[in-house]
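Examination of the molecular architecture
For reference, the chains in residue letters:
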Amino acid sequence: MIPFRATYRVQLHHGFDLHAARELVPYLARLGVSHLYASPITAAVPGSTHGYDVIDPTEVNPELGGRPALDALVDELHAHSLGLLVDIVPNHMATRGPWWDDTLRQGQDAEHAPVFDIDWDRADGRVVLPVLGAPVDALVDRGDLVLDRSAAGGPAVRLGDRAFPLAPGSDLDAPIPVLLAAQHYELVEWSRDRDRRNYRRFFDIDDLIGVRVEDPAVFDRTHALILELVAQGAIDGLRVDHIDGLRDPGAYLERLRDAIGPDRLLVVEKILGDGEELPIDWPVDGTTGYEDLAALDALFVDPRGLARLTHTWIVDEGCVSFADAEVDGKELMLRTSFPAELSALAIRLPERVREPELAEATLALPVYRTYVDDTGVRPEDAARIDAAAGPGSPLARALERTDPDADPQLVLGWQQLTGPVTAKGREDTAFYRYAPLLSRCEVGAEPDDPLTDAVAALHARNAGRLARWRRGLTATSTHDTKRSEDVRARIAALSELADGYHEALALWRAAVAPGLGPLEARLIVQHLLGAWPGGGGDLAPADRDRFADRIAGMLEKSLREAKLHTTWAEPDAPYEASVIDAARRTIADGSFLAHFAAIRGRAEIIGAEHSLALTVLKIAGPGIPDVYQGTEGGMLSLVDPDNRRPVDFAALQRALDIDQPDADLPADLSTAKVAVTARALRARTSTPDLFVAGAYEPLDAGPGRVGFVRRSGDHVAIVLARTFGPVGDGPVALAAPAAVKLVDALTGRAYPAASTLDPTAVLAELPVALLLG
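Residues numbered from 1 in each chain as written. Predicted model: local features only at pLDDT ≥ 70, side-chain atom pairs only at ≥ 80, totals over all residues. Heavy atoms only, no water.

1. Looking at the sheet that holds strand β12 (residues 201–202)
The criterion, for reference: Between any two strands, pairing holds if DSSP finds at least two bridges. Note on conventions: DSSP H or I runs of at least 4 residues are helices, E runs of at least 2 residues are strands, and numbering of each starts at the N terminus.
The three strands are arranged β6-β13-β12 in an open sheet whose pairing can be described as antiparallel. Pairing within the sheet leaves two strands with one partner each, and these edge strands are β6 (92–94) and β12. Relative to strand β13 (residues 205–210), β12 runs antiparallel, the two sharing two bridges. The residue of β13 that forms the bridge with R201 is I209.

Take a look at the structure:
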């Protein structure tokens, strides 16, 4: 097995398959990572751009090249002394494909029926599918619902691109309504009958159905391919998607760890709430790094400017606080997307407890979920349940399983409900409604945290990572981030430019978009400041049009996710057009560049410097640094699907050839960042024990800077970086003097052994230094 030093995440799909990933391997070896980190590789819905809509977990996705392409990729990785980390999806599958069709065709007795989390008893042995846009008779009359006698796999009823297989022996000459009434499923209208759905979903997505992975037989069946690849040495580690969706995450992870052995890397996608820690008894190496992304980002936000931005948003503009936005978002989602789940749990409540009490507890839970199981309740979970349901209340005792008469299925089901309600209400609603500083609205962050001592918080987190989770991933961009690290760095710079930004925003709104509200205006302006391509000047017409299209896509998604005036289910086309047209006008007519010229230039320079510093702090700190595809060269991407745009790997390889860390900023950020990334990764490779397990010492780096020391045996690494605002003049003292000459791995400059550092000299060429001795 290849030891983990750093990972490089790629998003596989039919346009960038396993063959393309194989061609990338020599570049990754030169860049300095140890592992390719792949999105799901199992068979997914045809045309899938992400792979999380699995249709057959026992087959390598043929659209990616199938097993031969995977084997060739692994051979190429091993030839370059690299390994493979793979994303797996145990929580859900798509309501498409051979396993699902078998279940619809054969019902409860189907071979694959036990895989899916369906409550057959709630619908008299049928599965209720809310897929119709009108009554069955109306769809038949319009010719939208038809019999397809020659469908692949056997006769089916077809609705658009969906084919619903018919049970053996079905009377194909019967009218379609009669034919459907005899099936193991019932097709109903999604707008009227969604509450009748009787299967667990991934969040509120009807096309993704929960998997009963808590059943050992289902675990074995759905993990057979992945475990075979692990046993053969093709896979060195696993990333578990959406661990909080599982019925019993702890038991699942125990089973998975037993299957892959103690040495394979095992990380979980887990969103930690404020003050929450990963359960210490989980047999994992850590998380995918959302919390570290937030801690690193916080270093580059001026808390004084953040306070001014927040005051203007809440007091001057009269907009919602984040706390209220989160409560409103969770309540909305529970009421509109999860009423069926809540009602199904309510029938299991103790006699004196009613459904509204369960709803209130769901909304009040301060974390995504608890982990009460047959072994009992953890003290921290008991405290959270007490806070949500009332200490010692009948509901709290039932949810903590301290009431011997309580239904154990209540708490197991509730724990699978609170996560989706929180995720949809917080990440996918409140994060789109709260806009003082959009860079803070990312998974893992607390958008209303005043960030009064982000440096101390980072040191505390890094010390904890080293003590317990030193093999967890440290991410700064992922396929789930709403903005890439470079966009966030530019937006965060507004905390240093708050007064000028507010003045320019007000003038722009008055001149260009007087009808826009505070949210819509900030969505446009902050994203234009964050993602404006190139060196910041005017764009060629074709480039301007492409950028406007990207901004339009971001705005459509943001406005619909905010759910204030428009939604995915009920879009308000005139409202959306008014916002998008304002954005297109301000891009096309030059008014953005005119109103924000000074702010834009400063934000781009500050953002570029912060991006370089962030990169080195990630690579040199505890944990395994993860590089998301393309971000090593500066990537100005927006919310998905924008962050899955093709990466120009040829340009990145040219930048790596240039190897110029002190290239001009911000115009040559790509050249500088590739070089800084590669040089820092090479330093990590040259002394892996120093960075993987070496001691961690905070540096008192003075105002406007952050720093730390890593030590292992005779090796030492010192990281020093600028953060925000004016910096101090004095030297930086080292707790233990450097006994040998120090060389900056980024610039090659040497410094004599000393007990102090001169930060002005050390940071003269770059905003960050990585001194090795």
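2. Some thoughts on the packing of helix α23 (residues 591–620) against helix α25 (residues 669–686)
Put simply, the test is: Think of each axis as a best-fit line through the C-alpha atoms, taken over the contacting stretch in the case of a helix, with angles from 0 to 180 degrees between the N-to-C directions. Should an angle fall under 35 degrees it is called roughly parallel, over 145 degrees roughly antiparallel, and 65 to 115 degrees roughly perpendicular, with every other angle called oblique. Crossing handedness: left-handed means the near helix sits turned counterclockwise from the far one by under a right angle, and right-handed means the same turn made clockwise. Throughout, a residue-residue contact means that at least one pair of heavy atoms, one from each residue, lies within 4.5 Å. Under the scheme applied here, ten amino acids are nonpolar (Ala, Val, Leu, Ile, Met, Phe, Trp, Tyr, Cys and Pro), four are charged (Asp, Glu, Lys and Arg), and all others, including Gly, are polar.
Between α23 and α25, the least distance of the axes is 10 Å, while the angle of their chain directions is 15 degrees. Between α23 and α25, the interaxial angle falls into the category roughly parallel. For α23 against α25, the interelement crossing comes out right-handed. On the side of α23, the interface is formed by A608, S611, L612, T615, V616 and I619, while α25 contributes L669, A672, K673, V676, T677, A680, L681 and R684. When grouped by side-chain class, the residues that make up the contact of α23 with α25 number nine nonpolar, three polar and two charged.

3. Here's the deal with the pattern of salt bridges
Applied cut-off: One side-chain nitrogen of Lys or Arg within 4 Å of one carboxyl oxygen of Asp or Glu is enough to make a salt bridge.
A full pass over the atoms with the stated rule returns 60 salt bridges. D297 is paired through a salt bridge with R488; the nearest N and O atoms lie 2.5 Å apart. Residue D297 is located in helix α9 (residues 290–298), and its partner R488 is located in helix α18 (residues 485–492); the two are separated by 191 residues in the primary sequence. Note that D659 and R679 form a salt bridge whose closest N and O atoms lie 3.1 Å from each other.

4. Examining the nonpolar core
Heads up, the rule is: Here, nonpolar core refers to any group of buried Ala, Val, Leu, Ile, Met, Phe, Trp, Tyr and Cys residues whose side-chain atoms link them within 4.5 Å. Throughout, exposure labels follow a simple rule: accessible area from a 1.4 Å probe, protein chains only, divided by the maximum for the residue type, with under 20% read as buried, over 50% as exposed, and the rest as partly exposed.
Within the largest apolar cluster, 190 residues are counted, with the highest numbers of intra-cluster contacts made by Y8, Y252, L256, W508 and L770. The greatest single-element share of this core, amounting to 14 residues, is contributed by α23. Beyond its immediate stretch of four places on either side in the chain, Y252 contacts I88, P90, V213, F219, H223, V240, I243 and L246. In terms of nonpolar packing, the next biggest core, distinct from the first, is built from 29 residues, L342, L410, L412 and W414 among them.

5. Describing empty space enclosed by the protein
Inclusion rule: Buried and open spaces are told apart on a 1 Å grid over the protein atoms alone, a cavity being a set of points where a 1.4 Å probe fits but cannot get out and a pocket being an open set with protein on both sides within 12 Å along at least five of seven lines. Residues with an atom within 4 Å of a point are the lining residues. Grid points are joined across faces, edges and corners, and a volume is the space filled by probe spheres set on the points.
Here the structure, examined in full by the defined rule, presents seven cavities of 30 Å³ or more. Contributing to the lining of the largest cavity are 15 residues, with P57, I88, V89, P90 and T222 lying nearest its centre. Of all the secondary-structure elements, those providing two or more residues to the lining of the largest cavity are β4 (54–60), β5 (83–88) and α7 (216–231). In terms of residue class, the lining of the largest cavity is built from 11 nonpolar, three polar and one charged.

6. Section: helix α24 (residues 649–658)
Heads up, the condition is: It is the directions from the helix axis to the C-beta atoms whose arc is reported.
Within the sequence span of α24, burial applies to F649, L652, A655 and L656. Summarising the axial view, the buried residues of α24 lie within an arc of 115 degrees, below the 170-degree limit, and thus occupy one face. In the stretch just after α24, D659 is the one whose phi turns positive, near 55 degrees.

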